[in-house]
Amino acid sequence: MVKFCSLAEALAENLFDGDSVAFEGFTHLIPHAAAHEAIRQGRQELTLIRMTPDLVYDQMVGMGMAKKLIFSYLGNPGVGLLRRCRDAIENCHPRAVEIEEHSHAGMANAYEAGAAGLPLAVFRGYRGAGLTEVNPNIRSVTCPFTGETLAAVPALRPDVTFIHAQKANRKGDVLVEGIVGIQKEAVLAAKRAVVTVEEVVEDFADVHPNCCVLPQWTIRAIAVVPGGAHPSYAHGYYARDNATYLEWDHIAADRESFRAWMKIHVLDAKPEVFASRVGHLRRAA
Amino acid sequence: MVKFCSLAEALAENLFDGDSVAFEGFTHLIPHAAAHEAIRQGRQELTLIRMTPDLVYDQMVGMGMAKKLIFSYLGNPGVGLLRRCRDAIENCHPRAVEIEEHSHAGMANAYEAGAAGLPLAVFRGYRGAGLTEVNPNIRSVTCPFTGETLAAVPALRPDVTFIHAQKANRKGDVLVEGIVGIQKEAVLAAKRAVVTVEEVVEDFADVHPNCCVLPQWTIRAIAVVPGGAHPSYAHGYYARDNATYLEWDHIAADRESFRAWMKIHVLDAKPEVFASRVGHLRRAA
Amino acid sequence: MSGPGFTPEQMMTVAAARALTSDDVCFVGIGAPSSACNVARLTHAPGITLIYESGTIGAAPKVLPLSIGDGELCETAVTTVSVPEMFRYWLQGGRITVGFLSAAQLDRYGNINTTVIGDYHHPKTRLPGGGGAPEIATSCGEVFITMKQSLRGMVEKIDFFTSFGHGDGGDARAKLGISTKGPTLLVTDLAVWKPDPETKEFMVTSLHPGVTGDAVQATCGWKVKFADRLEETAPPSGLELATLRDLKARSDHD
Amino acid sequence: MSGPGFTPEQMMTVAAARALTSDDVCFVGIGAPSSACNVARLTHAPGITLIYESGTIGAAPKVLPLSIGDGELCETAVTTVSVPEMFRYWLQGGRITVGFLSAAQLDRYGNINTTVIGDYHHPKTRLPGGGGAPEIATSCGEVFITMKQSLRGMVEKIDFFTSFGHGDGGDARAKLGISTKGPTLLVTDLAVWKPDPETKEFMVTSLHPGVTGDAVQATCGWKVKFADRLEETAPPSGLELATLRDLKARSDHD
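Residues numbered from 1 in each chain as written. Chains lettered and ligands numbered in written order. Predicted model: local features only at pLDDT ≥ 70, side-chain atom pairs only at ≥ 80, totals over all residues. Heavy atoms only, no water.

The name given to chain C in an unreviewed UniProt entry is CoA-transferase subunit beta, and the organism recorded there is Mesorhizobium waimense.

Taking an unreviewed UniProt entry as the reference, chain A is identified by name as CoA transferase subunit A belonging to Mesorhizobium waimense.

(A) Seen up close, the overall build of chain A. When its secondary structure is counted, chain A shows ten helices and 15 strands. Against the compact-globule benchmark of 19 Å for 285 residues, chain A has a radius of gyration of 19 Å, which places it among compact chains. If you line up chain A on its principal axes, its C-alpha atoms span 55 × 50 × 35 Å. Contacts in chain A between residues far apart in sequence, at least 24 positions, make up 76% of those at least 6 positions apart. For chain A, the computed accessible surface area is about 9,000 Å², with 50% contributed by carbon and sulfur atoms. Put simply, chain A has 29 plus and 33 minus side-chain charges, and the middle of one group is 2 Å from the middle of the other. (Helix = DSSP H or I, 4+ residues; strand = E, 2+ residues; numbered from the N terminus. Rg over C-alpha atoms; globule rule 2.2 N^0.38 Å. Contact = heavy atoms within 4.5 Å. Areas by Shrake-Rupley, 256 points an atom, 1.4 Å probe, with all protein chains shown as cover. Lys, Arg positive; Asp, Glu negative; His and termini not counted. Charge placed at Lys NZ, Arg CZ, Asp CG, Glu CD.)

(B) Structural context of the interface of chain A and chain D. In this complex, chain A contributes 47 residues to the contact, which on the side of chain D involves 45 residues. For the pair chain A and chain D, the summed buried surface comes to about 3,700 Å²; carbon and sulfur atoms form 62% of the total. Taken as a group, Arg127, Val134 and Ile179 of chain A account for 15% of the area that chain A buries against chain D, more than any other trio of residues on that side. In this assembly, chain A and chain D are joined by one salt bridge. The salt bridge involving Arg126 of chain D is made with Glu101 of chain A; its shortest N-O contact spans 2.6 Å. (Buried area = accessible area lost by both parts, 1.4 Å probe. Salt bridge = Lys/Arg side-chain N within 4 Å of Asp/Glu carboxyl O.)

(C) Summary view of the pairing of strand β9 (residues 123–126) of chain C. Residue and element names in this part refer to chain C. Alignment of strand β8 (residues 116–118) against β9, held across three bridges, turns out to be antiparallel. Within β9, the position partnered with Val116 by the bridge is Arg126. Where β8 folds back on β9, the antiparallel hairpin that results is connected by four residues. (Pairing = 2+ DSSP bridges.)

(D) Seen up close, the interface of chain B and chain C. Each partner contributes to the interface: chain B provides 47 residues, whereas chain C provides 45 residues. Each partner contributes to the roughly 3,700 Å² buried at the junction of chain B and chain C, and carbon and sulfur atoms together form 62% of this total. Of all residues in chain B, Arg127, Val134 and Ile179 of chain B give up the largest surface area on contact with chain C, accounting jointly for 15% of the area buried on that side. Where chain B touches chain C, the interface holds one salt bridge. Looking at which element gives the most residues to the side of chain B that touches chain C, the answer is helix α5 (residues 104–115) of chain B, with five residues. In terms of residue class, the side of chain B that touches chain C is made up of 23 nonpolar, 15 polar and nine charged. (Nonpolar A, V, L, I, M, F, W, Y, C, P; charged D, E, K, R; others polar.)

(E) Molecular detail of the packing of helix α2 (residues 32–40) of chain A against helix α9 (residues 255–267) of chain A. Residues and elements named next belong to chain A. As a packed pair, α2 and α9 sit with axes 10 Å apart at the nearest point and diverge in direction by 110°. With respect to their mutual orientation, α2 and α9 come out roughly perpendicular. Facing His36, Ile39 and Arg40 of α2, the residues of α9 in contact are Met262, His265, Val266 and Leu267. Of the residues in the contact of α2 with α9, the class split is four nonpolar, two polar and one charged. (Axes fitted to C-alpha atoms, helices over the stretch in contact; angles between N-to-C directions. Parallel < 35°, antiparallel > 145°, perpendicular 65-115°, else oblique.)

(F) A look at the sheet that holds strand β8 (residues 120–123) of chain B. Residue and element names in this part refer to chain B. Taken together, the three strands give an open sheet; going across it, the order is β8-β10-β9, and neighbouring strands pair in antiparallel fashion. Two strands lie at the open edges of the sheet, namely β8 and β9 (139–142), each paired on one side alone. Recorded for the sheet is a direction-independent mean angle of 40° between the axes of neighbouring strands. As paired elements, β9 and strand β10 (residues 149–154) share four bridges and run antiparallel to each other.

(G) Region of interest: the packing of helix α1 (residues 8–18) of chain C against helix α2 (residues 32–42) of chain C. All names here are of chain C. Closest axis-to-axis distance for the α1/α2 pair is 8 Å, and the angle between their directions is 55°. Overall, the two elements α1 and α2 adopt an arrangement that is oblique. Seen from above, α1 lies across α2 with right-handed handedness. For the pair formed by α1 and α2, the contact residues are Met12, Thr13, Ala16 and Ala17 on the first element and Ala32, Ser35, Ala36, Val39 and Ala40 on the second. Residue composition of the contact of α1 with α2, grouped by class: seven nonpolar, two polar and no charged. (Left-handed = near helix turned anticlockwise from the far one by under 90°.)

(H) Local environment of the packing of aromatic side chains. Within this structure, the stated rule accounts for 22 aromatic pairs over all chains. On the basis of an interplanar angle of 70° and a centroid distance of 6.1 Å, the ring pair of Phe27 of chain D and Phe87 of chain D is categorised as edge-to-face. Of this pair, Phe27 of chain D sits in strand β1 (residues 25–28) while Phe87 of chain D sits in helix α4 (residues 83–92), and the two are 60 residues apart along the sequence. Overall, Phe27 of chain D belongs to the buried group, its relative accessible area being 1%. Between Tyr120 of chain D and Phe160 of chain D the ring centres are 5.2 Å apart and the planes differ by 25°, which places this aromatic pair in the stacked class. Highlighted residues: Tyr120 of chain D in the loop between β8 (116–118) and β9 (123–126) and Phe160 of chain D in the loop between β10 (142–147) and α6 (172–175), separated in sequence by 40 residues. Accessibility assignment for this pair places Tyr120 of chain D and Phe160 of chain D in one class, buried. Through a chain of ring-to-ring contacts, three or more aromatic side chains come together here, namely Phe23, Tyr57 and Phe162 of chain A. The ring of Tyr245 of chain A has Arg240 of chain A sitting right over it, with the charged end atom 3.9 Å from the ring centre. (Phe/Tyr/Trp six-rings, centres within 6.5 Å; stacked < 30°, edge-to-face > 60°. Buried < 20%, exposed > 50% of the residue type's maximum accessible area, 1.4 Å probe, protein only. Lys NZ or Arg CZ within 6 Å of the ring centre and 35° of its normal.)

What follows is the structure, given as structure tokens:
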């Protein structure tokens, strides 16, 4: 049964040291507030799963919380590299991080298989790609009808998935709209799911029947965190803060400037700060 | 490039003798008008594909147009058996019909694989089911990660798919909403797709971004046929005509009453008749 | 109507409804299963989630649908998904606690035939076939079966294995790699049946009011086993009966 | 700005845009590909369909997005689908005519590295990796590559095969069971390149205005082949340049 609670409580009750965890969002609706709470609570030895790790995993890796990264694009979208992840992979700073690397197609199919309760995903992929030589989790199956060799990857089944969504209703059903990305699959593939939302509404009577709605019984906990996706965005609520993505390239370039930024903006902050960060990004009504 | 034209023209240019064809719709939005046009134009030697064949395939089989049926539920939903299909299978009247039978999961996965450009679908199914012994297209693959044996079926790739949808915009994009069933997959899996719609609107500016919209370049032809799903229904336009489904059980019970009904209501009718059939089923606005 | 104030079919529906709880997520078939699930929802199990294979999740129909895809289901659902998603994420994904099945032929181990009477390739009667049943039988947490008893329906040996129950009994499911419980309840118009924990053969655990063991045996094609402590099914309560009658009255299908 | 009135990067974007038609369905990457596709859409190819891997199909942004998932894309798209659907139905389904790729390292056969400089397990520089590229390279009808020339970028041998071009040339794709054309066009800031029909080695077919063959060779790490009939790329038209500048001016990313 879903529980409405504070983000601190939702995280404390659902993310544990050593867990495999997905903080998912494909450019849109990235659960920054939830990731910051995980950093504040100091979780360790995590396996971080995400197609597009971007800033939040750069921060978690930079803080030494990750023992492993499973990903398909380790960049700051449209900006460049992730400098804390680079430091970890190239220099083992602040610690060594194991990596399992896929293509987007591989990760998307693996989440889909996880949501579908299958042990593997089968697709046409990785042909001629070097990843097949460095990732032992890229294997193959042969089609018994055509003889074609297809790629196979194991299903992703995170211990826990965190997403940010536009809204929940009072029963705890959750609505995700706009660029829905991989969130539904990441939630359904996980053993536990936690959602931060912009707001709670009475009901979804005015929601289109084919919208992406996650029924309340698929979710463990919901925390209301307005602005919780910043500097990512929430379609219908506030725009993407592109300036912050560009700025991150400079903050993360240096170990000291990174730690100083993390202290002020994450360790000494609270989820409530996110609302103020998106004030200037909200549309005129 | 999509073409707006009459149903007669759309059918004449896209369905040929010997084709494999899916007239899809899962209870909702069944393309009855298109099927009736195929009957009027007298197509022969068709392989009829559909999860839930129901009345339209009972009619086409009864008229001797089908050489093969690929299906997963050969019933009149909520009513009982399909008596013309029974007559064909049990008594070879009016001709023998080959059958390839799956479960819903098997068909749904096979359409999905067709839409996804794969040669096969892999899923957990058919365990202990007798269909594995009578359908040589149910095979298996072994998961290279867990060793689990999973079911495999060949992708469905109809020569042509017909669906009925609520509306098209002037560019030819098509909106399907409500119980969307298997229609998107059936269209994307097919070499050609033809859509009948309730109406054409200027644009989809007010349509939710995550609705099921088929872009115009995925469709060959669109014909406007108000009521074209009757006695099935079109969410937002008219209700299901349950009385007609019940009545069909009596009409199809007898070869003569069947042929008499077909002559009046199909062979001597036109697509325009469908609008009048749904008049009493439209909701008060 | 005379006698007890309810029909055997109403008793069957109500007895099936009672087996459901607010925590259940049910894959609902049309007919008696749909009636039972909606009676449960409107009486003791308001939190129950009803899923129809057409894609409607959390449907709360005021009217009993004739088909599994009536408009009423979509209009009242929490969300409506595509059919591939339904079978992949929701059924195969292991999210359904109870699947309801009916049978044209049933054997003592809960194996079901709705495909053919006679030989598959030369059938005496071609039935509709399995639809969702083959995977409902193996992917749902457990399976409830409802059917009216008859010698034609409850048979020693079914003509075709549309959906797998307990096979030839015992650990037959585990041997096929099936991890779900399979049929755990059979509710007929005469009795409630549950599988023997070891052999998995269905045995009568409760007789509906006024029904004798002989009546059960007379309409069952195999030698019936009765539980040592045989109970009598509580008759439908006033609320249960009124709820069922109201549902039927609003569902004017003929 | 001095000289020709346009920059080499603008020439690159415009030359890439010209290769697109109204019938194309493009899988668009961020940066130069996105600029090229939108210039095409706003000039000679109004019917072009732009697909961004975030799920937006038929996007028509007024502003160039910084990321492949900016809100502008969804708001202007014909429809927005989930990421698994994007990769299964639309990319793997064979519906994309042209995929755009960029490269950190490129070899003469159009093989691309965006993964690591140095050894994979002990990299000198860890780059972002492939994202959608491995399957874009094999599932799109053909692949267009855009990049600025440099000795570091255009190399004899790439450090990692992020995405497969023509392998070691000839029929290398067919040998791997890949049925699509692969890289058919390379547009740099200096020239337009196309693969030799037999060997599949990229050769210069057109030099941008004012560029010499020596300048191309000086910024390319392999021995450059030039087509027998070497053309000069037409300079950006007034409309092309104005369209590109307007797009950039509206896209205030820094």
